[in-house]
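Overview (structure and organization)
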Amino acid sequence: MQLKQQEIKQHEKGTRGVFKKEKEGFNPFKMAQQQFDRIADKLNLDEPTRELLRNPMREYSFAIPIRMDDGSVKVFRGFRVQHNDARGPCKGGIRFHPQETIDTVRALAMWMTWKCSVVDLPLGGGKGGVVCDPHNLSEREQERLCRGWVRQISRDIGPERDVPAPDVMTSGQHMLWIMDEYQAITGGYYPGLITGKPVGLGGSLGRTEATGYGLVYILRELLKEMNMDIKNTTASIQGFGNVARYTADLYIQYGGRVVSVSCWDNNDSCTYSYYKDKGIKLDELIKITDRFGTIDKKQAEKLGYETLPGEEWLKHEVDILIPAALENSITQDNVDQIQSTVKIVICGANGPVTPEAEDALERKGVMLVPDFLANAGGVVCSYFEQVQGNMNYYWTKEEVLGKLDNKMTEAFYNVWDLAKKKNIRLSDSAYMIAVSRVAEACKMRGWV
Amino acid sequence: MSTRLSDKEKKIIEYVKETTGITPPIANITEEGESTEDLLSITDVLVLSSSYHYFQIEEEGRLSRLLHEYYSYRNREKPLRISHVETEDECFELLNKKRFDLIIIFDKPTGSDVLTLAGIIRKNTDTPIILIGSKISELSEIQKNDKEKVLSKILTWNGDGKIILATIQLFDDAFTIKNNQSFSEQCRCLLLIEDSIQYYSTYLLLLYDEIWGFLSATMQDNLSEEQIQRQLKRRPVILHASDFEEGRKLYDSYKKNLIGVITDNETISGTGGRKQLGLEFALMINKEKPGTPILIQSSGVLKHDEPLSDNIKFISKNDITLPLVIKDFINECLGPRYIQITDSTGKIITVVKNFNDLENAVLSINDEGLIQAACQHLFSRCLKTWGLYELSDEIYKAEFEIKNAADLRTRLTSIIENYRYAQTQVLVKPFEYASQLSHLEIHRIGKGALGGKARGLSFLAKLISKYISDDMFPDLRITIPRTIVLTTDVFDIFMMQNKLYDSNLYDLTDERIALKFMSGTLPATVLGDLRAFIQKTRKPLIVRSSGVLEDSLLQSFAGIYDSILLPNESWETDFRFQDVCNAVKYVYASTFFEKARTYIKSTPKNIGDEKMAVIIQEVAGRRYENYFYPVVSGVAKSYNYYPAGGCKPEDGVVYLALGLGKTIVDGGCSFCFCPEHPTVPLYGTPKDFIKYAQRRFYALNLRSNYRIVERNEETSYSILDLDDAKRHGVLDKVASTYFPQDDRLYPGVYDEGSIVIDFAPIIQYEALPLAKALKLLLRISEIELGYPVEIEFAVNQEDAESHKADLIILQIRSMIPSGKNMDVSIGEYNPETDICYSENALGNGVIEGIQNIVYVKPGFDMKNSIRVVSQIRRINNALMNNKTPYILIGPGRWGSADPCLGIPVIWSDIAGTKVIVETPWRERHIDPSQGSHFFHDLISSQVGYLITKEGKGNVDYQWLESLPVITDEEDVRHVKTISPLLVKIDGKHGVGVIQKGKSDK
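Rules used in this analysis
Residues numbered from 1 in each chain as written. Chains lettered and ligands numbered in written order. Predicted model: local features only at pLDDT ≥ 70, side-chain atom pairs only at ≥ 80, totals over all residues. Heavy atoms only, no water. Helix = DSSP H or I, 4+ residues; strand = E, 2+ residues; numbered from the N terminus. Buried < 20%, exposed > 50% of the residue type's maximum accessible area, 1.4 Å probe, protein only. Contact = heavy atoms within 4.5 Å. Areas by Shrake-Rupley, 256 points an atom, 1.4 Å probe, with all protein chains shown as cover. Patch = residues over 30% accessible without salt bridge, like charges linked within 9 Å, V, L, I, M, F, W, Y side chains within 5 Å. Salt bridge = Lys/Arg side-chain N within 4 Å of Asp/Glu carboxyl O. Pairing = 2+ DSSP bridges. Expected span 1.5 Å × (residues − 1). Core = buried A, V, L, I, M, F, W, Y, C linked by side-chain atoms within 4.5 Å. Buried area = accessible area lost by both parts, 1.4 Å probe. Polar contact = N/O pair within 3.5 Å; in protein donor to acceptor, adjacent residues only side chain to side chain. Nonpolar A, V, L, I, M, F, W, Y, C, P; charged D, E, K, R; others polar. Axes fitted to C-alpha atoms, helices over the stretch in contact; angles between N-to-C directions. Parallel < 35°, antiparallel > 145°, perpendicular 65-115°, else oblique. Phe/Tyr/Trp six-rings, centres within 6.5 Å; stacked < 30°, edge-to-face > 60°. Lys NZ or Arg CZ within 6 Å of the ring centre and 35° of its normal. pLDDT = per-residue confidence, 0-100.

Attention now goes to the overall build of chain B. Regarding its fold elements, chain B presents 32 helices and 42 strands. For chain B, with 1001 residues in total, the buried portion stands at 57%. For chain B, long-range pairs separated by at least 24 residues make up 72% of all intrachain contacts whose partners lie at least 6 apart in sequence. When the accessible surface of chain B is totalled, it reaches about 43,600 Å², and 49% of it is carbon and sulfur.

Turning our attention to the overall build of chain A. Each helix and strand in chain A was counted, giving 15 helices and 12 strands. Burial analysis of chain A (448 residues in total) assigns 60% to the buried set.

Another aspect to go through is a nonpolar patch on the surface. Where nonpolar side chains cluster on the molecular surface, the patch consists of M57, W447 and V448 of chain A and spans about 220 Å² of accessible area. With respect to the helices and strands, V448 of chain A occurs in the segment after α15 (426-444).

All right, on to the pairing of strand β30 (residues 744-747) of chain B then. Residue and element names in this part refer to chain B. Sheet topology note: the strand β29 (residues 735-739)/β30 ladder contains 4 bridges and is antiparallel. Among the inter-strand pairings, F739 is bridged to a residue of β30, identified as R744. Hairpin connection of β29 to β30: 4 residues between the antiparallel strands, including D743 at a positive phi of 50 degrees.

This part is about helix α13 (residues 377-391) of chain A. Residues and elements named next belong to chain A. Taking 1.5 Å per residue as the helical rise, α13 with its 15 residues ought to reach 21 Å, and the 21 Å between its terminal C-alpha atoms agrees with that figure. Burial analysis of α13 places 11 of its 15 residues in the buried class, the great majority of the element. The complete set of buried residues in α13 reads G377, G378, V379, V380, C381, S382, F384, E385, Q386, Q388 and G389. Buried positions along α13 lie against β3 (90-96), α4 (102-118), β5 (162-166), α7 (207-225) and α14 (397-422). Just beyond α13, the residue with positive phi is N392, at close to 55 degrees.

The next subject is the nonpolar core. Core analysis: the biggest nonpolar cluster contains 130 residues, and W114 and I346 of chain A together with F517, Y588 and I616 of chain B have the highest contact counts within it. Every residue in contact with W114 of chain A, bar those within four places of it in the chain, is listed here: F36, L53, H83, F372, Y431, A434, V435 and V438 of chain A.

Time to look at the pattern of salt bridges. Taken as a whole, this structure holds 67 salt bridges over all chains when the rule is applied. In this structure, the salt-bridge partner of E362 of chain A is R425 of chain A, at a minimum N-O distance of 2.7 Å. Of this pair, E362 of chain A sits in helix α11 (residues 355-364) while R425 of chain A sits in the loop between α14 and α15; the two residues are 63 residues apart in sequence, bridging distant segments of the chain. Relative accessible area serves as the criterion here: at 17%, R425 of chain A is assigned to the buried category. Put simply, D909 of chain B and R873 of chain B hold a salt bridge, and the shortest N to O gap is 2.8 Å. Of this pair, D909 of chain B sits in the loop between β37 (886-891) and β38 (913-919) while R873 of chain B is found in helix α30 (residues 865-881), placing the two residues 36 residues apart along the sequence. For D909 of chain B, a relative accessible area of 5% translates into the label buried. A relative accessible area of 36% places R873 of chain B in the partly exposed class. A cluster of three or more residues bridged by salt bridges with shared partners is formed by R140, E143, R147, R151, D180 and E181 of chain A.

The next thing to look at is the interface of chain B and chain A. On the side of chain A, 23 residues touch chain B, which itself brings 24 residues to the contact. Taking both partners together, chain B and chain A bury about 1,900 Å²; carbon and sulfur atoms supply 52% of that area. The largest contributions to the chain B side of the interface with chain A come from Y433, A524 and T525 of chain B, which together make up 30% of the buried area. D574 of chain B is the partner of K403 of chain A in a salt bridge, and the nearest nitrogen-oxygen pair spans 2.1 Å. Where chain B meets chain A, there are 10 residue pairs in polar contact (both at pLDDT 80 or more). Element by element, the count of residues in the side of chain B that touches chain A is highest for helix α22 (residues 524-536) of chain B, at 8 residues. Its residues assigned to classes, the side of chain B that touches chain A comprises 9 nonpolar, 7 polar and 8 charged.

All names here are of chain B. Interhelical geometry of helix α16 (residues 378-385) versus helix α17 (residues 389-401) gives an angle of 170 degrees and a closest axis separation of 8 Å. The angle between α16 and α17 falls in the class roughly antiparallel. Of the residues in α17, those touching α16 at L378, F379, S380, L383 and K384 are Y389, L391, S392, I395, Y396 and E399. Of the residues belonging to the contact of α16 with α17, the class tally is 7 nonpolar, 2 polar and 2 charged.

Our next topic: unusual backbone geometry. In the Ramachandran plot, N227 of chain A falls in the positive-phi region, its phi being about 55 degrees despite a non-glycine side chain. Tracing the backbone shows N227 of chain A in the loop between α7 and β6 (234-238). Among the residues examined, N227 of chain A registers a relative accessible area of 73% and is labelled exposed. Positive phi values are uncommon outside glycine, yet K499 of chain B reaches one of about 55 degrees. Locating K499 of chain B in the fold gives a position in the loop between α20 (488-497) and α21 (510-518). When its relative accessible area of 58% is taken as the criterion, K499 of chain B is described as exposed.

What follows is about the packing of aromatic side chains. Residues and elements named next belong to chain B. Going through the model one piece at a time under the given rule, you end up with 27 aromatic pairs over all chains. Measuring from ring centre to ring centre gives 5.9 Å for F244 and F281, while their planes differ by 55 degrees; the resulting arrangement is tilted. Of the two residues, F244 is situated in helix α11 (residues 244-254) and F281 in helix α12 (residues 278-288); the sequence distance between them amounts to 37 residues. Accessibility classification places F244 together with F281 in one group, the buried group. Put simply, the rings of F491, F494, F517, Y588 and F592 touch in pairs and so form one group of aromatic residues. The ring of Y199 has K317 sitting right over it, with the charged end atom 4.5 Å from the ring centre.

Residue and element names in this part refer to chain A. Summarising the sheet, strand β7 (residues 257-265) and strand β8 (residues 270-275) pair through 6 bridges and their orientation is antiparallel. Paired with S262 across the strands is S273, a residue of β8. The turn linking β7 back onto β8 is made up of 4 residues, and S269 within it adopts a positive phi angle of 50 degrees. Two elements, β8 and strand β9 (residues 306-309), share 4 bridges in a ladder whose sense is antiparallel. Pairing of Y274 across the sheet is with T307, part of β9.

Quick look at the sheet that holds strand β3 (residues 102-106) of chain B now. Whenever strands of a sheet pair, they do so through backbone hydrogen bonds, lying parallel or antiparallel. All names here are of chain B. If you walk across this open sheet you meet the 5 strands as β2-β1-β3-β4-β5, and the pairing is parallel. Each edge of the open sheet is held by one strand with a lone partner, namely β2 (81-85) and β5 (153-156). Across this sheet, the average inter-strand angle for adjacent strands is 20 degrees, counted without regard to direction. As paired elements, strand β4 (residues 129-133) and β5 share 4 bridges and run parallel to each other. The partner of I132 across the bridge, within β5, is L155. The strands that helix α5 (residues 114-124) touches are β1 (44-48), β3 and β4; relative to β4, the one it contacts most, it runs at about 160 degrees. Its contacts with the sheet place helix α6 (residues 136-145) against β4 and β5, and it is angled at close to 170 degrees to β5.

Residue and element names in this part refer to chain B. Helix length check: helix α29 (residues 770-785) (16 residues) gives 22 Å between terminal C-alpha atoms against 22 Å at 1.5 Å per residue, within 8%. Among the 16 residues that make up α29, 14 are buried, leaving the element largely enclosed by the rest of the structure. Just beyond α29, the residue with positive phi is G786, at close to 90 degrees.

We now examine the environment of V869 of chain B. Residue and element names in this part refer to chain B. Mapped onto the fold, V869 is located in helix α30. For V869, a relative accessible area of 7% translates into the label buried. Separated by 41 residues in sequence, V869 and I910 have C-alpha atoms that sit 9.2 Å apart. Discounting chain neighbours no more than four positions away, the residues touching V869 are I903, P904, V905 and D909.

Next up on the list: the confidence of the model for chain B. Predicted confidence across chain B gives a mean pLDDT of 81, with 83% of residues reaching 70 or more. Strand β40 (residues 965-968) of chain B holds the highest mean pLDDT among the elements of chain B, 94, whereas strand β10 (residues 274-275) of chain B holds the lowest, 60.

Residue and element names in this part refer to chain B. Tracing the backbone shows E90 in helix α4 (residues 88-97). Residue E90 is classed as partly exposed on the basis of its relative accessible area of 36%. For the pair E90 and L48, spaced 42 residues apart in sequence, the C-alpha separation works out to 8.9 Å.

Written as structure tokens, this is what we have:
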């Protein structure tokens, strides 16, 4: 009981003042707006359009009172930001994170808008979540949290308004609770409310692999354009979650060699990277990883992996770096540690490279594939899940992955062709395509 | 005209020119698509020096002799020209008049500052400017002051004129490697990192001396022109860098071709200080490419914590043996020019100087020598020296893994055969998302092997691209179907990912195996490309196996694995895509079906040896309403064992049908002609012909409900008739109209009269040059392969209004069944052993195992020929029910419509026979019934036909009557021999014999 109270105190400390003050010097929303402003200049967008697009259209913040297992009541803070829905219903994940901030969510919602647009999905961008640490919540408490979240926001989400999905520390189970609560409130069957559902309960085959595979489709085509044989390349990946694993899986299938992955170690409360020059074996690493994504250090060493500090992931002499964990991984402080062998940085996570680092990478001659293109595979597959759910007809995995491949490949070539034509960075090209499509939609709808 | 063609190729080129009047494409290109000229980049060199210095170079350096040597080993057709000027003004004047590839300034020309001079030249041209001098200190000073890098290289000279040649070679190679992709992929590179002018000048001379010697010796090795060119392309090249940054860049660009590295241990870094990076660089290279020879040389001592691996050596620059070490090092890098294979006593068994020698050595040397050579990796080293890296790696693996001589020999032979085969095929390109599948291109998805059928197709494509050009037959484009191949690695990944190797497939029925496979998922690595292909392809598709054990040319495994025909009709890409995925998985499953397992058991292979690639091909044809079919389909054979109408067997024969080729395959009505004499009628009168002309044809029903698992292929096919063809507008090229009042056929379709499919507009009146094209293809294929061939084809007209059509070659195969020989040898007539002997026989081959003979009794009166038919029919039906083949013997023309000339059976009355003997009737020699439909059935069934004469060779009726009787009809008797008979027919010479079995002699 005492321990539980301590945990609660810790939690209260974490949740009081929900929107925590940003770490000095880094504000993801400001970064996202900076990126947008630069592109808006290139596109010569008028002021009203800029004003409309550089800020979310709607933000919801609400309290979620939850009865805990021990009978006490805790009030959590939930929120949902809907950046823009000119092209279609908002789409974006729900995350549970103790250090979540409103600016992070705003930035993520904005990136979702660009992400859906660059792969030409008829969707807008949104994001949201709850400030909490699910490590400290039992399963029942998490269920009540999900249901509580829906009760607060059900009027403002839906298959035709805003379609949430899993994100950091949420999963298919959370989505099912949310869907179930929504159906209880609205009285209808709406599999299209939410994506990321398990297969068999409205989920799409291929969804698990989609983000990681989508990244590799982009990488594959980029390597072709750079006249590099994927079989002769090596990569270092930051992270070992869903995106990192499936990225490694398909990349290895294509013949590439992954020499390093990294993960958060729950026991030591820090990150480690695990290095093997001959290439990691995915199966053996997965076997020694717990459900929170922590790789067992001792077992890894027994298997011949070298354990290094987490930040070492980007110092290896590889051809490709894949940040696939959290934002703000490559900054001006560590970009110079990237080796001269690196030719490509392809972003599996959201916002892992700061604008200053991006400039530095360009000076180094490194090709950067922006996050909202590279990791769009997940949202593409979510869209497929929506479509299947709405039709109530579910496709084979071959159909899903085949469509995913073609969609990502087409998106890449649109971006690549514009980049070559205008002699600009891939990220600028991707942004220009994405922003111009959304701006066009806003204009055509008569908003601006 | 290139001289690099084989005799076979020259023969084919001559034939093509003779037949078409046009030179085929292969005659206009060299072996690898480039002329020797492409390898030469430096031809004009300007030397600025005092006359004294030039004299020194010319006389002391023996420049002319050196140029001649350089010229001869390089096999250059254009000689190198050197222009000499003495002053700056002369230099500028000449530069204004012509362009030079290289400018060499020798020492300081009198009264001028080299850098200023070079700066002026550089402003006006980007030609490389080299400074060669003798005073090291002055040269170093100039190098230091050359901030703008106007001088491309500074070298020192000690009186050896070869420095000029070394300079020319260095820049020539640098230019060629940068601009010639083929060369850059094949040449072998030695990386030299050294900033000291003195040392790198010395090293360049030493290294080039050895390289020139190596090449010169190679040219004397009695190589063909083609081999010489190949060696020149794979010659060693020196890449020189003055610092490690530059060295790193060169390494990154050419590491694939690297044969060795010579590096200083320290050079001047970009920031001006000296860095000891040589060892670090060497260790890095050794990590990435272990075993690469590396020589570190330094004025100081090399400090290293751990012992260096054997391939990394160090030598001090002060060591007096430095030049020798450098020479030995380069020779080690170059590898052996040839290998000597010895036995355990050291006696030389054979010397291998080129690829042919290697192949022969693998096939012929004794086991001991083979193992000895493999243990020393002699074969792989040799191949590496010749620049055949991938082949060398494969051979190395075999040398390393296999210790048993027999297995090793088999494996090495197989690797070499595959390499040889690959040289004869068209390049199969990886499928790209934006690929437009064009004429004669085959695309692959995956990186594994192509399998037998795909190799056969790529061979076909190569044949057509080498010898046929578009202007040979302007209205007829010869091509292959648009094809994509899923290679064998896709099969491997599919099996592994779906855990199919773990399941006990051999315990399951074929249907269960199929369902298991079809519930799996194809690898993600192929789905995108496959879907992109399907999206662009709207024609029906055929999905076929292409196993590595199949040989499409020799037809082993023919019909063992399944093919699936898909209408590909749905408007929804995903339905079509899923159908193709399922079809691919079904073909994979057929690898484990009972038919395949049983067949493989009868071969030396195991089922585990089989790896399945899959071909997805467009069906040839066009859509007409809800049907799909080509205007013409056919089979052409280069040798005809049933010649008729005055044609010789080697003139060949072609069978044509309207619609899908199933008509011909099933032995239905078709039209035949001789490609050498297409207008010669092979059928009797028009009335005879039209009775048996094609009236119906097969088409693919695009609306059929075909389900793969049920294999209800028949639902895909529709049988249409001539009215449908008329409505579709396809008859104008394939039909004539018969007017009974004239008893004549008029080409084309008229409102009155009866339509007859006789292809007269094409064959008689050359609406399309089909006969000529087929004749050419048959001949080319026969020469190329060295045996008679059969070609399956279709003719399609995409646009009915246009005159143009495509002749689509579907398959090419040997006419000789696998394991059989086409040559049948028959001796003289021997009455003791021969039941009958004919010098006018049709067919070819040896038929064994027949014991039943049905014969018309001697003394038979032809007036009763009609009543004989029913007797024969009864016996035939009884034998057919028991699946028992027999020999049929009787007088006159079998199948004749005139009962006075022969017994008027129709084919179904005697369909069980394997051999027909036509005996003389009342001294009248009846012409064989060739050209009739009966005859056509006889050919389709590959029945032997022997025509005997009175006297020598006629049937031994006495012996027949001694045999046990099975059935005795009024005019016909069925007897059985004690032991099986032997029938031999030599189609080449038209001789046939039926011989008694052992116990019957």
